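Examination of the molecular architecture
These are the residues of each chain, in order.
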Amino acid sequence: MNDDLQHGGALDAMQRMFPQAPTPWLDLSTGINPFSYQVRIANVDSARHLPTRESYRRCQNDMAEALLAPQQYLLLAPGSELLIRLLPTVIRPKSIAILERSYGDHSRVWQAEGCDVVEHRDPLELADRVNAVVVCNPNNPDGRSFGREALETARSALADRGGWLIIDEAYADLDPALSLAPVGGSPGLIILRSFGKFFGLAGLRLAALLAPQALIDAMSQRLGVWPVSGPALEAGAQAYADLEWQRAIRERLARTRQRLDEILANAGFYNVTGTDLFALVHTNGAMALWQRLAEQGIYVRRFAWSDEHVRIGLPQNREAEDRLERALQIVTEPPCSSE
């Protein structure tokens, strides 16, 4: 599998694949906020010494308050990707239902552990037949969301049988009403939270696990004494405490996503879903579209499982929007989309 097919963001690989493409490249391959939070480094020594328990607790407290989550059931970690890979070492379900066409690492990790994985359009319906259920809420890449009532019903059914509902809330900061973080720590409930996407600081590698105490303790043993770097703890504390920025950025992202939808519609793409951090375009010949955009130095996300979908992240400014709009006008020839 090529690097870009797995996660996006492999700009170096794209530059090698398309050496004649105009530069600078416009990277729209990830669902990361292009308007990142501006961290004010108050303690320049945070990268010079080991992270302190005080800095950990400050970040943990500010994150818990922002998520309305119980702090005692919130464990900080260096990215949700690591948590996904460590979960099979903490819980060992024999069978697991996962939302189909979702974040691929969930399925890959459990399959690698020999788990019986069932990919299903609505895995919550299988809560009484499997040992665990995994959903992304909202889902990546199509933006589909699950209501709290349906999630709670599934959690209760699984917990009664010693099972688990695992919710990846990587994009839930866009719509806090979707989150089950306020009931974090409930029996049978595991929540994964990501910092980097919404705050636009993916390189800092900060995430959290919300789960019952026994699972928190087991995961903490695996992460070690200093699981998160000092700069990441400082940035996280600042960002989660800045509730006004969070409210304002949600509005800005919604406006930017609306402009992206208009650009896509003007190019003839009307079957579009997603979140306020990316658009999933349903179109015939998606791989050809991906390649023709790449030849113009525009990197969007393709998928190994489909030749009918590409995902396009938010352009950072008007210049990037105009460049994308011009490129789409060049590469598309009606009919180019399916409604």
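That block above? That's the structure.
A brief structural summary. (Residues numbered from 1 in each chain as written. Predicted model: local features only at pLDDT ≥ 70, side-chain atom pairs only at ≥ 80, totals over all residues. Heavy atoms only, no water.)

Re the nonpolar core
Filter applied, for reference: Only buried residues count toward a nonpolar core. Its members are Ala, Val, Leu, Ile, Met, Phe, Trp, Tyr and Cys residues joined through side-chain atoms within 4.5 Å. Relative accessibility under 20% of the residue-type maximum defines a buried residue, over 50% an exposed one, and the middle range a partly exposed one, all with a 1.4 Å probe and only protein chains included. Helix and strand definitions here come from DSSP, where helices need a minimum of 4 consecutive H or I residues and strands a minimum of 2 consecutive E residues; each element is numbered from the N-terminal end. Should any heavy atoms of two residues lie within 4.5 Å, those residues are counted as being in contact.
The biggest cluster of nonpolar side chains holds 106 residues, and the ones touching the most others in it are Trp110, Ile190, Leu209 and Leu328. When residues in this core are grouped by element, the largest group, six residues, is from helix α10 (residues 243–266). Once residues within four sequence positions are removed from consideration, Trp110 is found in contact with Leu87, Pro88, Ile91, Pro93, Ile96, Ile98, Cys115, Val117, Val134 and Ile166.

Observations regarding the pattern of salt bridges
Put simply, the rule is: A pairing counts as a salt bridge when a side-chain nitrogen of Lys or Arg comes within 4 Å of a carboxyl oxygen of Asp or Glu.
For the structure on display, the rule yields twelve salt bridges. Between Glu152 and Arg155 there is a salt bridge; the shortest N-O distance is 2.7 Å. Of this pair, Glu152 and Arg155 both sit in helix α6 (residues 148–160), separated by three residues, roughly a single helical turn. When its relative accessible area of 33% is taken as the criterion, Glu152 is described as partly exposed. Judged by relative accessible area, Arg155 falls into the buried class, the value being 11%. Residues Asp173 and Arg193 are paired through a salt bridge, measuring 2.9 Å at the closest nitrogen-oxygen approach. With Asp173 in the loop between β6 (164–168) and β7 (189–194) and Arg193 in strand β7, the pair connects residues that are 20 residues apart, well separated along the chain. For Asp173, a relative accessible area of 3% corresponds to the buried category.

A few points about unusual backbone geometry
For the bond from Asn137 to Pro138, the omega torsion is 0 degrees, close enough to zero to count as cis. Within the secondary structure, Pro138 is located in the loop between β5 (132–136) and α6. Note that the residue after Asn140, namely Pro141, is joined by a cis bond; omega there is 25 degrees. Residue position: Pro141 is located in the loop between β5 and α6. With a phi close to 50 degrees, Arg101 is a non-glycine residue in the positive phi region. Take Arg101: it is sitting in the loop between β3 (95–99) and α5 (104–112). Look at Arg205: it is not a glycine, yet its phi comes out positive at around 60 degrees. For Arg205, the position within the fold is in the loop between α7 (196–199) and β8 (207–210).

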